[in-house]
Amino acid sequence: MNTGQIISGAGHLALIGWALLGGAFRSDPPPFEVVEAMAISAEDYAALVAGQSAPEAVANVNTPEPPAPGENAPALVSGADSAPAQNQPEVNSAPPPDPAPSPPAPVPAPAEVTDTPPVIETPPEETAALMPEISPRPQPRPAPRVAPEPVAPAEPDVRVDDVARPEVAPDAGAVVEEAPQEATAPEEAATEIVTEAERPSEPAPTASLRPRARPAAARPEPAPPPAPAPPTETATRPAPIPTPAPTPPATDRGAVSDALAAALGQGTPTPERPAGPPLTAGEKDALRVAVQRCWNVGSLSSEALATTVVVTVRMFETSKPDNSSIRMLSHSGGSAAAAQQAYEAARRAIIRCGNDGFNLPPEKFEQWRDIEMTFNPERMRIK
Amino acid sequence: MMRSLLTLLAALTLWAFPATAQQGGPLRLELTEGVIEPMPFAVPDFVADTPAAQEFARNIARVIAADLTGTGLFREIPAEAHISRITSFESPVQFADWRAINAQALVTGAVNVDGSGRVVVRFRIHDVFAGQELGRGQQLVGDRDGWRRIAHKVGDQVYARITGEGGYFDSRVVFVSESGPKDQRAKRLAIMDYDGANVQFLTDAASIVLAPRFSPTGDRVLYTSYETGFPRIYVLDVANVGRRVLPTLDGTMAFAPRFSPDGRTVLYSLTQGGNTDLYTMDITSGASTRLTTAPSIETAPSYSPDGRQIVFESDRSGTPQLYIMPVSGGEARRISFGQGRYGTPVWSPRGDLIAFTKQSKGRFHIGVMRTDGSEERLLTASFLDEGPTWAPNGRVVMFTRETQGAQGEARLYSVDITGRNLRQVVTPSGASDPSWGPLQN
């Protein structure tokens, strides 16, 4: 048996002994309520009980004899009842009329009163402090350390030290060889502590500038018509924009572009102006409604009303149609003569309602520069 | 290798997003809802090349404008609104001025009276908004008395050029002119321009005349007369007002005649022994052929434009209805199945529609239906509408409308087959039983 076991056994014995002898396993009695009681004598108790005893019962009760019938019966006399005297109400004479009320004394006219508007005291103007709509940009917290002299922030690579020492680098041309050391600078410090809340900040901007529209690519204007030309607008296909010399793809991105262009069969893409997103359904509907408003089929023959024509038109950038570009691409449902009438009605519609320009988004000019319109009069056909 | 992979990737991308590849195409729209309204047009007074042509120049322009406006398809812009003045037929048109007043069509012309007294009219039709001429300019020559016909022909050209269908202005109508009280009404055959001008009487009022019908060439008129006490069919030559009666058996009643498309045969009704059937007669030989043998009443026959079929009225089903049968007779096919009584069917010159009179719920209607009886469309409704006749282009129907009461009288009206543009044809007196003739040469 080693020393450890001896110490452990002694400890355990001491603990068991303390538990048995120290009352560790005795439970305390449950708590009870203590009430004060008063002692009373037997006489006092009897006196108290006597006042509450029941009364004694009476054994004999004298009951009166009932009267014998027919004996000394009183004679009943029946006589006519006399009508009870009725007291006539006293006739009241008409009450004297009430004396006429005397007219009220004239009320003295009120003295002329001049209304003077009350002076409304203007409450002191309260100025509500509005929270800025835009929170100020957080600024670098100032250095909390207070020093007798402010110290500018050190360079990022400079170690903070109490003494400022210039950086010493080994000079290849020098004869004396000095041990290299790091540059040091005093810690950044300020002369006083100014918290962020106390620092006066510049007011937040109340409005922001509208972002500039995407700059349109420079396109040549349509060539001016010659002097003797008619006043009608003449569309000229814009001159091709100079194509920059193709550069060899230096990266995979360039290779992808080339591959896409090759797949499209276009070769190197020309820097055309951006086509912009396609026209929305609303923009298309607006254009459709605008043309339909001028599409008058009232003067068309029955056969022309049964003819669908597809018309193409090239638009100016001013959203006006190039009238000379209007062509009939195809027709169906009628003869060539009927198609001609239907086409002329469609052409009139485009020209008439496009005279002032259609409502088209200019930034999407490339999307609506060429338009194909199918004029299908099926719903307005004369059956 | 890398480049090939990228090309493949690009191809897959284009396959997956075809819209990207189509982005460069034109914007495509489909329009299905236009407007139906009269086309604004302008007909300034024609330029008078000579002082003698001054009156013609103005009157011809007015007749052209009236013709076009009367169709209901055109609306004239009055001269007061004109900005430009046409002072020379050869000068270029200032389209901007006409565009400013929304004139979509412009008719310009010049009139000259040559040395022989003939009227020479030159005219052009312009599409104002397209800024170009519609077709080529034309020239018409006629007698001084025929200036209205010249104007009608110009109007026909304008109408045809813009609408795409033939005109009907240079045509005439034969009708029964009525005068006097209702119980003693005098009836005479009369002929007039389609617009009610130039009325001429073809018969006197000695006997009752009914149902005149123009020949396909417009030179003859068939009509029914009670001159002998029985209704008989006569053929009248319009040029010399000569006439002759078609041979029929004594004691029979012949009526409701109609020329065949070739003008050589007359289709008519004959009542014999209380039964009315359809017959044809060769005008030259007078030989008749019976087409129907039903115990019912068959009447009011009308040829199809190709002369192969006949539409007629019959009460074989119990009420008057419309039937179609081959021109040589045979089984008839009923085409009217609506509520009411149908009568006086007339085949359209186009061959696509049949106009008819319908009596339903105490009112009379003029209507049209397809030759198979479908798409019946009633165009009018009144106390008494009857006897439709087609304009040469098959676009307009003229008919008789009689007003109610002892003072009521019959008048002629016309209506577009769409049911629009119902208007009265102005005649000097009462008029009934119109028959629209062909376009004149």
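An account of the accompanying structure is given in this report. (Residues numbered from 1 in each chain as written. Chains lettered and ligands numbered in written order. Predicted model: local features only at pLDDT ≥ 70, side-chain atom pairs only at ≥ 80, totals over all residues.)

### Structural notes on the nonpolar core
Next, step 1: Core analysis: the biggest nonpolar cluster contains 74 residues, and Ala342 and Ala346 of chain A together with Phe41, Ile60 and Ile64 of chain B have the highest contact counts within it.
Next, step 2: The greatest single-element share of this core, amounting to 10 residues, is contributed by helix H5 (residues 336–354) of chain A.
Next, step 3: Apart from residues lying up to four places away in sequence, Ala346 of chain A is in contact with Trp295, Val309, Val311, Met373 and Phe375 of chain A.
Next, step 4: The next biggest cluster of nonpolar side chains, apart from the first, holds 68 residues, and it includes Phe259, Tyr268, Ala391 and Val397 of chain B. (Core = buried A, V, L, I, M, F, W, Y, C linked by C-beta atoms within 7 Å. Buried ≥ 20, exposed ≤ 12 C-beta atoms within 10 Å, placed from the backbone. Helix = DSSP H or I, 4+ residues; strand = E, 2+ residues; numbered from the N terminus. Contact = placed C-beta atoms within 7 Å.)

### Quick notes on the environment of Arg213 of chain B
Residue and element names in this part refer to chain B.
Next, step 1: Secondary-structure assignment places Arg213 in strand E12 (residues 209–214).
Next, step 2: With 44 residues separating them along the chain, Arg213 and Pro257 place their C-alpha atoms 7.2 Å apart.
Next, step 3: For Arg213, the contacting residues outside a window of four places in its chain are Val221, Leu222, Pro257, Arg258, Phe259 and Ser435.

### Here we look at the pairing of strand E10 (residues 186–193) of chain B
All names here are of chain B.
Next, step 1: Burial of E10 is extensive: six of the eight residues sit out of reach of the surface.
Next, step 2: Where strand E9 (residues 171–179) lies against E10, eight bridges are found, and the strand directions are antiparallel. Each bridged residue has a counterpart across the sheet, and for Ser179 the counterpart in E10 is Ala186.
Next, step 3: Between E9 and E10, which pair antiparallel in sequence order, lie six residues; one of them, Gly180, sits at a positive phi of approximately 90°.
Next, step 4: Strand direction decides the pairing type here: E10 and strand E11 (residues 200–201), joined by two bridges, are antiparallel. The residue bridging Ile191 from the neighbouring strand is Gln200, located in E11.
Next, step 5: Here E10 folds back onto E11 in antiparallel fashion, the turn holding six residues, of which Gly196 has a positive phi close to 90°. (Pairing = 2+ DSSP bridges.)

### Examining the sheet that holds strand E21 (residues 309–314) of chain B
All names here are of chain B.
Next, step 1: Strand order in the open sheet made by the four strands is E20-E21-E22-E23, with antiparallel pairing throughout. Of all strands in the sheet, those with a lone pairing partner are strand E20 (298–303) and strand E23 (333–334), marking the two edges.
Next, step 2: As defined by bridge partners, strand E22 (residues 321–326) adjoins E23 across two bridges and the pair is classed as antiparallel. Considered in E23, the bridge of Tyr323 is made with Arg334.

Note that every value here comes from positions in space, so none of it alone points to a role or purpose.
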